[in-house]
Amino acid sequence: MNKNLKLLTTAGLTLAAGSVPAFAEDKLSAGDTAWMLTSTALVLMMTIPGLALFYGGMVRKKNVLATAAQSFAICCLMTVIWMIVGYSLAFKDGGSLNAFVGGLESFFLKGMTGDSMSGTIPETVFMVFQMTFAIITPALIAGAFADRMKFSAMLWFMGLWSIIVYSPVCHWVWGGGFLGGLGVKDFAGGTVVHINAGIAGLVCALVMGKREGYGHENMAPHNLVLSMIGASLLWVGWFGFNAGSELAADGTAGMAMVVTQIATAAAALAWMFYEWGTHGKPSMLGIISGAVAGLVAITPASGFVGPTGALIIGIVAGVICAWAATSLKPKLGYDDSLDAFGVHGVGGFVGAILTGVFISSSFGGVGLDDGVTIGGQVWIQFIGTLATIIWSGVASFIILKVIDATIGLRVSKQVEIEGLDINLHGEVVQ
């Protein structure tokens, strides 16, 4: 997406690359296209099966199928919504409203053909790569309300949220909107994906309330081997997420892969040692949660920082996210079931702010824009996070309240006690 922020000048006309126009001068690169096809498959793998297994293993046995079904169903629903309207709202010209939302010129992907180009890759490839981001972002939210939302309510919430929240925020940063114009640096989704999803998850947890028995019943993960496999798939798939966001097979993509690996490992170790020191034992849940926190935090910075910056970002994210999940959450009393906010919201914020620091060439980054200081870039990053927090928080709250007033958000107490698998889907894990 870094290249998606650049300006292309043709025949005296300058247009934001986010609107993905088809220029006669665009020339297909087989290498870039091959890498982007691969990256798209890797990012799709992050949701199914990666996130489905990661979240599925962390809930109780009676809810594992319902949790995995959420990820799979969201993948299907977001694919259709993105094809119909999401892509157009995110990446097309919105005219007088372009600072805030795109237009409808690609409604139902109208006008897109196999010959349409986006830089050096086919527009079809760019569109489906971005689709995988639109798939995983709402799927992340589901971790916050695990064990208690109706399946029907979940589908309505995710569908509306993707149109009202995700597509506009994506446009703000990557599609020619006001945050990209302000200079917000978000290489692969710190604001668009992680803060966006994390804040929505927190609002879901607050609106829906705590799970039955929360705080006095054993709610330990039923199968951490599943979660470890899911986290591993997320780690591998994240190379497509971050290195793929360069939209080219080049040196920036290579460095993005390097810093992703370093930050992830550093965060996993940082969470592990934090937990070891505070709770006496290093747990599997802690180390895999730390790895995901590192992946989240390096996401906005991945195309801008060097190895040293990645190491520090990973360590800071590991410690802060561990504190948020194990100390802040109990202290404030909200029930974020699988730490969607504690890992993605907090980790995304940490990564977005530290991007403003470690992008500096003084720390091995690619360098700040002309006339911008580290303090100035950090402030710009903060504005980007604040805008995302406000819009995601307010819009998510309204959507949830509307759904609750119409079809209801939460399953009955009896259904929650018996389990979602048998009651919502008529299936159980033996």
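For the structure, check the block above.
Rules used in this analysis
- Residues numbered from 1 in each chain as written.
- Predicted model: local features only at pLDDT ≥ 70, side-chain atom pairs only at ≥ 80, totals over all residues.
- Heavy atoms only, no water.
- Core = buried A, V, L, I, M, F, W, Y, C linked by side-chain atoms within 4.5 Å.
- Buried < 20%, exposed > 50% of the residue type's maximum accessible area, 1.4 Å probe, protein only.
- Contact = heavy atoms within 4.5 Å.
- Axes fitted to C-alpha atoms, helices over the stretch in contact; angles between N-to-C directions.
- Helix = DSSP H or I, 4+ residues; strand = E, 2+ residues; numbered from the N terminus.
- Parallel < 35°, antiparallel > 145°, perpendicular 65-115°, else oblique.
- Left-handed = near helix turned anticlockwise from the far one by under 90°.
- Nonpolar A, V, L, I, M, F, W, Y, C, P; charged D, E, K, R; others polar.
- 1 Å grid on protein atoms, 1.4 Å probe; cavity = no way out; pocket = protein on both sides within 12 Å on 5 of 7 lines; lining within 4 Å.
- Points joined across faces, edges and corners; volume = space filled by probe spheres on them.
- Salt bridge = Lys/Arg side-chain N within 4 Å of Asp/Glu carboxyl O.

Sorry if this is basic, but what is going on with the nonpolar core here?
Soluble globular proteins: nonpolar side chains tend toward being buried together. Ranked by size, the top nonpolar core spans 114 residues in total, and within it F54, W82, I141, F145, F157, M158 and Y166 carry the most contacts. If we ignore the near neighbours within four places in the chain, the residues touching M158 are I74, M78, P138, I141, A142 and F145.

Hey, could you run me through the packing of helix α4 (residues 151-174) against helix α12 (residues 374-406) in this one?
To describe two helices that pack against each other, one gives the angle between their axes and the distance between the axes. Look at α4 against α12: their axes get within 10 Å of each other, and the N-to-C directions meet at 155 degrees. In this view, α4 runs roughly antiparallel relative to α12, as classed from their interaxial angle. Crossing of α4 against α12: the hand is right-handed. Contact residues: A153, W156, F157, L160, W161, I164, V165, P168, V169 and W172 in α4; A387, T388, W391, S392, A395, S396, I399, L400 and I403 in α12. Counted by class, the contact of α4 with α12 contains 16 nonpolar, three polar and no charged residues.

Looking at this structure, how should I read the layout of surface pockets?
If a probe as big as a water molecule is rolled over the atoms, it shows which places are left empty. By volume, the largest pocket is sized at about 690 Å³. Forming the walls of the largest pocket are 31 residues, and the residues nearest its centre are P221, L285, K329, S337 and D339. Residues that form the lining of the largest pocket fall into these classes: 15 nonpolar, nine polar and seven charged.

How should the pattern of salt bridges be read in this particular structure?
Between side chains of opposite charge, pairing is possible as soon as their charged atoms come close. Counted by the stated rule, this structure contains eight salt bridges. With a shortest N-O distance of 3.3 Å, R211 and D147 are connected by a salt bridge. Of the two residues, R211 is situated in the loop between α6 (190-208) and α7 (224-243) and D147 in the loop between α3 (123-141) and α4; the sequence distance between them amounts to 64 residues. With a relative accessible area of 2%, D147 lands in the buried category. Of the charged contacts, one joins D335 and R148 as a salt bridge, the two residues approaching to 3.9 Å between their closest N and O atoms.

Looking at this structure, I do not really get the environment of A188. What am I missing?
Within the secondary structure, A188 sits in the loop between α5 (178-182) and α6. Note on A188: relative accessible area 0%, which makes it buried. Residues A188 and G240, 52 residues apart in the sequence, show an inter-C-alpha distance of 10.0 Å.

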